[in-house]
Structures are given as C-alpha cells and as structure tokens.
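# Breakdown of the fold
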Amino acid sequence: GLVRLLRPKRPSGRKKGRKRRTNPITALLYWVLALALAFGISYFVREYCFEIVRVSGDNMYETLMDGDLALVTKFDYQSETPQRGDVVAVELGGNQGYVLRRVVGLPGETVEIVGGETLINGSKLLESYIGLATYDTFDGKTLPSGKYYLLGDNRTETNDSRSSQIGLVDQEDIVGKVRWVIW
C-alpha cells in the first residue's frame, strides 16, 4: 500500500519508455511557421536595420579596399541627414548593388575642385582620408535642395559625382551609413 502511494500514477494507455507521437502535419506546420518567421525577421533586419556589403573596386582606396566586407546601418538617416565626411551606401537603381562613397558637398553648398583640392563655398576642405589625389579641375556647382555631392577617397577614379553615371545624389537614394569594415 505505501509503495503504491509514493509512486506516481502512469497515464492509462501508455507504457513506460514510449514516446508520445506527434502528428506529422502539426510538425510540418511548426517547421513552416519557424522558417517563415526566420525569413520575415531576416528581411526586416536587412531592409530597415543593417546589411553587410562587399566592396568592389578601388574608388574608396585606402579607407575601403576591394573585397572588404562593410556593415551598412540603414536607420541612421531616418531621423537625421547625411553629414560631410560620412561614407554612405547609395542605390543607383536597377540591380547594380550599392555604391560606397564619401559625402563631400551638402545641399545649398558650392563644390569645386581646383588643382586637386576640394573647395566648399570657396574654402579648402581638409581631407586626411584621401588615398590617391587627382589634379583635375571641376568647375563650381551649387547643389540644389536634397542633393549631395559624393566623391571616392581615391580621386584618380572618377566614378562618383564628377561623372554623369552617378552625378548629384538624391537623399532618398542614400541607403545608409558605412560603419565598420568587418573583414
């Protein structure tokens, strides 16, 4: 009698050591739900929080090297505007990926390049980050509202706002700020 009181009762119909069977459809639904949730979270993070991009080319040499992996944060410019010196990711349209360049000129400013030096409203811009300078001349251009002038740190490459391929960049096309080189 006493042993029977201390030992817990087994549920009827189940033998000791047998596992409970799960319905295969229920298990499949759990897996589908888990995968959908994982993809949903991944999409949200990539679209609105941050993304890892691979640097392609030498336009940002020495700051970013060809093949580097960089972290782009996408929430920075939701509440503020890009500032001079920020390295930003720009979406040019199509499936070209992102272009990474440095913000040099802000809306309303006049930007010109004379003898390899960048002038903002006639004053020389101190640019310690330039990898390779150019001695080209670019006539002054006043930026309209909402437009930014972007240059690569390797000024011998002209795939930036000096070229018609990129030109002046709308604030809406700036996806995020490059924060760190991961690899």
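Structure first, text after, so check above.
Everything in this summary refers to the structure shown in the same document. (Residues numbered from 1 in each chain as written. Predicted model: local features only at pLDDT ≥ 70, side-chain atom pairs only at ≥ 80, totals over all residues. Heavy atoms only, no water.)

Let us now look at the overall build of the chain. What the chain contains, in helices and strands, is two helices and 11 strands. Traced from its N-terminal end to its C-terminal end, the chain shows the element sequence α-α-β-β-β-β-β-β-β-β-β-β-β. Put simply, the chain has 183 residues, and 33% of those count as buried. Counted over contacts in the chain with a minimum sequence separation of 6, partners at least 24 positions apart contribute 58%. Working note: accessible area of the chain is about 12500 Å², and carbon and sulfur atoms make up 54% of it. (Helix = DSSP H or I, 4+ residues; strand = E, 2+ residues; numbered from the N terminus. Buried < 20%, exposed > 50% of the residue type's maximum accessible area, 1.4 Å probe, protein only. Contact = heavy atoms within 4.5 Å. Areas by Shrake-Rupley, 256 points an atom, 1.4 Å probe, with all protein chains shown as cover.)

This brings us to the sheet that holds strand β3 (residues 87-91). With antiparallel pairing, the seven strands of this open sheet are ordered in space as β1-β2-β11-β3-β4-β9-β10. The open sheet has two edge strands, β1 (50-54) and β10 (169-170), and neither has a second partner. Summarising the sheet, β3 and strand β4 (residues 98-105) pair through five bridges and their orientation is antiparallel. Across the sheet, residue Ala89 finds its bridge partner in β4, namely Leu100. Taken strand by strand, helix α2 (residues 24-49) contacts β1 and β2 (69-73), and its axis lies near 75° from that of β1. (Pairing = 2+ DSSP bridges. Axes fitted to C-alpha atoms, helices over the stretch in contact; angles between N-to-C directions.)

Below, the discussion takes up the side chain of Glu109. Examined against the element boundaries, Glu109 turns out to sit in the loop between β4 and β5 (110-114). Look at Glu109 and you get buried, because its relative accessible area is 11%. Within the structure, the side chain of Glu109 is placed 2.9 Å from the backbone nitrogen of Leu106, a separation counted as a polar contact. Not counting residues up to four positions away in its chain, the partners in contact with Glu109 are Arg84, Val104, Ile120, Asn121, Lys141, Thr142 and Leu143. (Polar contact = N/O pair within 3.5 Å; in protein donor to acceptor, adjacent residues only side chain to side chain.)

Our next topic: the packing of aromatic side chains. If you walk through the whole model with that rule in mind, you get one aromatic pair. Ring centres of Phe138 and Tyr149 lie 5.4 Å apart, and the angle between their planes is 40°; this geometry places the pair in the tilted category. With a gap of 11 residues between them, Phe138 in strand β8 (residues 138-142) and Tyr149 in strand β9 (residues 147-151) connect regions that are remote in the sequence. Exposure remark for Tyr149: the relative accessible area of 0% places this residue in the buried category. The ring of Tyr129 has Arg102 sitting right over it, with the charged end atom 3.8 Å from the ring centre. (Phe/Tyr/Trp six-rings, centres within 6.5 Å; stacked < 30°, edge-to-face > 60°. Lys NZ or Arg CZ within 6 Å of the ring centre and 35° of its normal.)

In this section: the pattern of salt bridges. The full count for this structure, using the stated rule, is nine salt bridges. With a closest N to O distance of 3.6 Å, Asp86 and Lys177 form a salt bridge. Here Lys177 lies in strand β11 (residues 174-181) and Asp86 lies in the loop between β2 and β3, a separation of 91 residues in the sequence. A relative accessible area of 18% places Lys177 in the buried class. (Salt bridge = Lys/Arg side-chain N within 4 Å of Asp/Glu carboxyl O.)

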